[in-house]
Amino acid sequence: MGASHSREGLELSDESDYSDNEESEEHYEDATEDHATPVSTKTLDELDSKLKSLKLKYSSSETPKNLKNVAKLYLHVGGNTPKAKWIISQKLAHYEFIKTLKIEGDSEDDNEDEGFWVLKVGNNKIRARVSTDMQLKMFGDQRRVDFVDNGVWALKFFVDDEYRNFITKFQDCLFENVYGVEATEANKMKIYGKEFIGWLKPEESDDAMWEDADSGVWKGSGKTPVRDSQDLLEEFEEAVTGGGIQSLALGALDNSFLVNDSGVQVVKNFSHGIHGKGVYVKFDENDKWKGGGGSTPKKALLMRGETNMMLMSPFKEGKSRSTGIHQLDIETGKIVTEWKFEKDGTDITMKDITNNTKGSQLDPSESTFLGLDDNRLCQWDMRDKKGIVQTLANTSSPVLNWTQGHQFSRGTNFQCFATTGDGSIVVGSLDGKIRLYSKTSMRQAKTAFPGLGSPITHVDVTYDGKWILGTTDTYLILICTLLTDKDGKTKSGFTGRMGNKIPAPRLLKLTPVDAHMAGANNKFHGGHFSWVTESGKQERHLVAAVGKFSVIWNFQQVKDSAHRCYLNQQGLKSCYCYKIVPKDESIIESRFMHDKYAVSDSPEAPLVVATPMKVTSISMSGKKRGHGTS
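In this text the structure is predicted, and so the values were computed from the model without any measurement.

(A) Representation of the overall build of the protein. For the protein, the count of helices and strands is seven helices and 41 strands. Intrachain contacts of the protein at a sequence separation of at least 6 include 60% that bridge at least 24 residues. Carbon and sulfur atoms provide 47% of the accessible area of the protein, an area that totals close to 26,800 Å².

This is the structure in structure tokens:
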């Protein structure tokens, strides 16, 4: 069902069946978005075994005398088929980093690489703008880098110095492409600030907090899980009723909900996933959003002990903002109120909504929730000031009460947000910054983590607020919010400024092969921790969707500073050890069910994977067993 797609330790071969001419490449085809198909664990294991058995061999006559800016160039062919392998594309490939010129008068569409650093390899085989889209991965012990550019390539360097020089130059070019200034120490300090010296120089970062923050059964394990001990077993697959899924609302109680453009499908929560029930709440024509011409709800938020659902639709299709929300009474199946966003008598928009706290959807008396727009962070109250219940029969929609918040005068470019168990708030921005707000003030961030150059499209935070997971198009960023102050006390970035000992973050990435197999236009979205709402419990896994893949990381493994992925890396630590659940459709959302649904023989609650026409439940089994139907 699932498989670890890590390619750690794989070496490249120069054996005779690996030709360096162009004709040999025609027999294989890399998987694109249209060709990426599910493969079995057995097939992937066989492929891993085959590739690991290949050894790189050099004769002294093959080593060039001039080692500067030359390397062996390999191409990965065969996609995800059993014939997949690396072939030599060029035995002596010259490479260089070139700063392209920006020609006045040209539009950005004429040449998107103008004015940026570009990596060129061979006889124009590769011309790639230096960016995270290349998915560059280092193999320090092999003097090798893999990357994506209309295919998956590998550069194998002849000497260590040349390998290190390449990595340093690549990282400097990436910095300049992202921030528009030369990668000098002074400019780096200006961009990040002295508080984040560990982000600039991870080797100087204090990693102790990553280990100290662990607790419970996960403390100090530090071992890579055995693949067979955590099989992913597909339990249920449910066909969608009434049209393609737009959003998934997981419940922690009896039911979960699949939302599409015509209604809400109710499914039952079981210890091995969600399925059944056969209840479908269809929207009446009168229930559709008046100003949006019946646009599909893009956000579904459970409230009031999961008896009510707030449905937020964009004002117009193709737009990300909404001027209001519908309140659906789940027990009656009726939309009871259409709320309008308004401040000081003026209609305003919201980009996102979320619960006050990580577990407040379980509170039957909860009447407030949080809202976010480009430059607004606020709390809305559904209780009418006059105590009068208003319905859709009124001539105008009732107005949500702005109870607290702040409208920022300058461009914060907020994109997404999430809350902790105590109501502290994490906000991700277009510039990549992640800001922390205490539960008592939305006016000023207590801590603002610098961006790494990629917009934050989704953000999640653990129940205890110790860990933040930010999603970008090409990687996930995991941040520890704790540090030890000068008095030896543990301090949180939600309650005060974190000083200059902020631990460096860790990045979660796909290998270049998997990134290419996921499809050229596919991007990470919706990175989540597993779901707990109880103090003292630690989330165990992280999951995100990319194209037709759900990707799962072991949380403890990512935190372990001695983890094998981090050996021989330069820069921020990047983890490539994960399991993939492949589907035959692009994935809308992947989420773990509430921790209460984790059974005794499983290390985690079931994973729910929603595609437009199906929803699948997957168990992480601690031992072999049959399919459950409890």
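(B) View of the layout of surface pockets. Considered as a void within the structure, the largest pocket measures approximately 1,500 Å³ in volume. Lys-298, Lys-299, Asp-352, His-458 and Glu-589 are the residues nearest the centre of the largest pocket, which is lined by 45 residues in total. Those elements giving two or more residues to the lining of the largest pocket turn out to be strand 10 (247-249), strand 14 (299-303), strand 20 (352-355), strand 24 (414-419), strand 28 (458-461), strand 34 (524-529) and strand 39 (589-592).

(C) Seen up close, the sheet that holds strand 7 (residues 144-148). The seven strands lie next to each other as 5-4-3-2-8-7-6, forming an open sheet whose pairing is antiparallel. Looking at which strands have only one partner, the edges of the open sheet turn out to be strand 5 (126-129) and strand 6 (137-139). If you compare each strand with its neighbour and ignore which way they point, the axes differ by 30° on average. Contacts between helix 2 (residues 160-179) and the sheet are confined to strand 2 (70-77), strand 3 (85-99), strand 4 (117-121), strand 5, strand 6, strand 7 and strand 8 (152-156), with strand 3 contributing the most and set at about 55° to the helix.

(D) Up close: the packing of helix 2 against helix 3 (residues 185-192). Packing of helix 2 against helix 3 leaves a shortest axis separation of 12 Å and a crossing angle of 50°. Compared by their axis directions, helix 2 and helix 3 come out oblique. Pair helix 2 / helix 3 crosses with left-handed handedness. On the side of helix 2, the interface is formed by Asp-172, Phe-175 and Tyr-179, while helix 3 contributes Asn-187, Lys-188, Ile-191 and Tyr-192. Residue classes in the contact of helix 2 with helix 3 are distributed as four nonpolar, one polar and two charged.

(E) Structural context of the sheet that holds strand 26 (residues 434-437). With respect to topology, four strands assemble into an open sheet ordered 24-25-26-27, the strand pairing being antiparallel. Pairing within the sheet leaves two strands with one partner each, and these edge strands are strand 24 and strand 27 (447-449). Between one strand axis and the next, the sheet turns through 20° on average, direction left out of account. Note that strand 26 and strand 27 share three bridges and pair antiparallel. Paired with Arg-435 across the two strands is Ala-448, which belongs to strand 27.

(F) Molecular detail of the environment of Arg-376. Note on placement: Arg-376 falls in strand 22 (residues 376-381). A C-alpha to C-alpha distance of 7.8 Å links Arg-376 and Phe-414, two positions 38 residues apart in sequence. A polar side-chain atom of Arg-376 sits 3.5 Å from the main-chain carbonyl oxygen of Thr-349.

(G) Molecular detail of the pattern of salt bridges. According to the stated counting rule, one finds 16 salt bridges in the structure shown. Of the charged contacts, one joins Glu-176 and Lys-99 as a salt bridge, the two residues approaching to 2.9 Å between their closest N and O atoms. Residue Glu-176 is found in helix 2, and its partner Lys-99 is found in strand 3; the two are separated by 77 residues along the sequence. Classification of Lys-99 by relative accessible area gives partly exposed; the value is 36%. Two residues, Arg-376 and Asp-373, come together in a salt bridge whose shortest N-O distance is 3.1 Å. Here the residues in one salt-bridge network are Arg-321, Lys-351, Asp-373, Asp-374 and Arg-376, joined through shared partners.

(H) Spotlight on the pairing of strand 4. Across the five residues of strand 4, four count as buried, placing the element largely inside the fold. Alignment of strand 3 against strand 4, held across five bridges, turns out to be antiparallel. In the strand pairing of strand 4, Lys-99 is matched with Trp-117. Bridge analysis of strand 4 against strand 5 gives four bridges, and the strand direction is antiparallel. Of the residues in strand 5, the one forming a bridge with Val-118 is Arg-129.

(I) Expanded view of the packing of aromatic side chains. In the structure shown here, the tally under the stated rule is 17 aromatic pairs. Pairing Tyr-95 with Phe-166 gives two aromatic rings, centres 5.4 Å apart and planes at 80°, and the pair type is edge-to-face. In this pair, Tyr-95 sits in strand 3 while Phe-166 sits in helix 2, placing the two residues 71 residues apart along the sequence. For Phe-166, a relative accessible area of 1% puts it in the buried group. Between Phe-524 and Trp-553, the aromatic rings sit 6.2 Å apart at their centres with planes inclined by 50°, giving tilted as the arrangement. Here Phe-524, found in strand 34, pairs with Trp-553, found in strand 36 (residues 549-554); they are 29 residues apart in sequence, far enough to count as distant. As far as the burial class goes, Phe-524 and Trp-553 line up, both buried. Members of the aromatic cluster, joined through ring pairs, are Tyr-95, Phe-97, Phe-157, Tyr-163, Phe-166 and Phe-170. One Lys or Arg, Lys-169, reaches over the ring of Trp-117 and ends 4.3 Å from the middle of that ring. Over the ring of Phe-555 we find Lys-559, and its NZ or CZ is 4.0 Å from the ring centre.

(J) Up close: helix 2. The terminal C-alpha atoms of helix 2, which comprises 20 residues, lie 29 Å apart, in line with the 28 Å expected from a rise of 1.5 Å per residue. Within helix 2, the full set of buried residues consists of Glu-162, Tyr-163, Phe-166, Ile-167, Phe-170, Cys-173, Phe-175, Glu-176 and Asn-177. Looking one or two residues past helix 2, Gly-180 carries a phi angle of roughly 75°, positive in sign.

(K) The arrangement of helix 3 in detail. Listed as buried for helix 3 are Asn-187, Lys-188 and Tyr-192. End-on, the buried residues of helix 3 take up no more than an arc of 120°, which puts them together on one face. In this structure, helix 3 carries Ala-186 and Lys-190 as exposed residues pointing more than 90 degrees from its buried face. Of the surrounding secondary structure, the elements contacted by the buried residues of helix 3 are helix 2 and helix 4 (197-200). Two residues or fewer past helix 3, Gly-193 is found with a positive phi of approximately 85°.

What counts, and at which threshold
Residues numbered from 1 in each chain as written. Predicted model: local features only at pLDDT ≥ 70, side-chain atom pairs only at ≥ 80, totals over all residues. Heavy atoms only, no water. Helix = DSSP H or I, 4+ residues; strand = E, 2+ residues; numbered from the N terminus. Contact = heavy atoms within 4.5 Å. Areas by Shrake-Rupley, 256 points an atom, 1.4 Å probe, with all protein chains shown as cover. 1 Å grid on protein atoms, 1.4 Å probe; cavity = no way out; pocket = protein on both sides within 12 Å on 5 of 7 lines; lining within 4 Å. Points joined across faces, edges and corners; volume = space filled by probe spheres on them. Pairing = 2+ DSSP bridges. Axes fitted to C-alpha atoms, helices over the stretch in contact; angles between N-to-C directions. Parallel < 35°, antiparallel > 145°, perpendicular 65-115°, else oblique. Left-handed = near helix turned anticlockwise from the far one by under 90°. Nonpolar A, V, L, I, M, F, W, Y, C, P; charged D, E, K, R; others polar. Polar contact = N/O pair within 3.5 Å; in protein donor to acceptor, adjacent residues only side chain to side chain. Salt bridge = Lys/Arg side-chain N within 4 Å of Asp/Glu carboxyl O. Buried < 20%, exposed > 50% of the residue type's maximum accessible area, 1.4 Å probe, protein only. Phe/Tyr/Trp six-rings, centres within 6.5 Å; stacked < 30°, edge-to-face > 60°. Lys NZ or Arg CZ within 6 Å of the ring centre and 35° of its normal. Expected span 1.5 Å × (residues − 1). Arc of directions from axis to C-beta.

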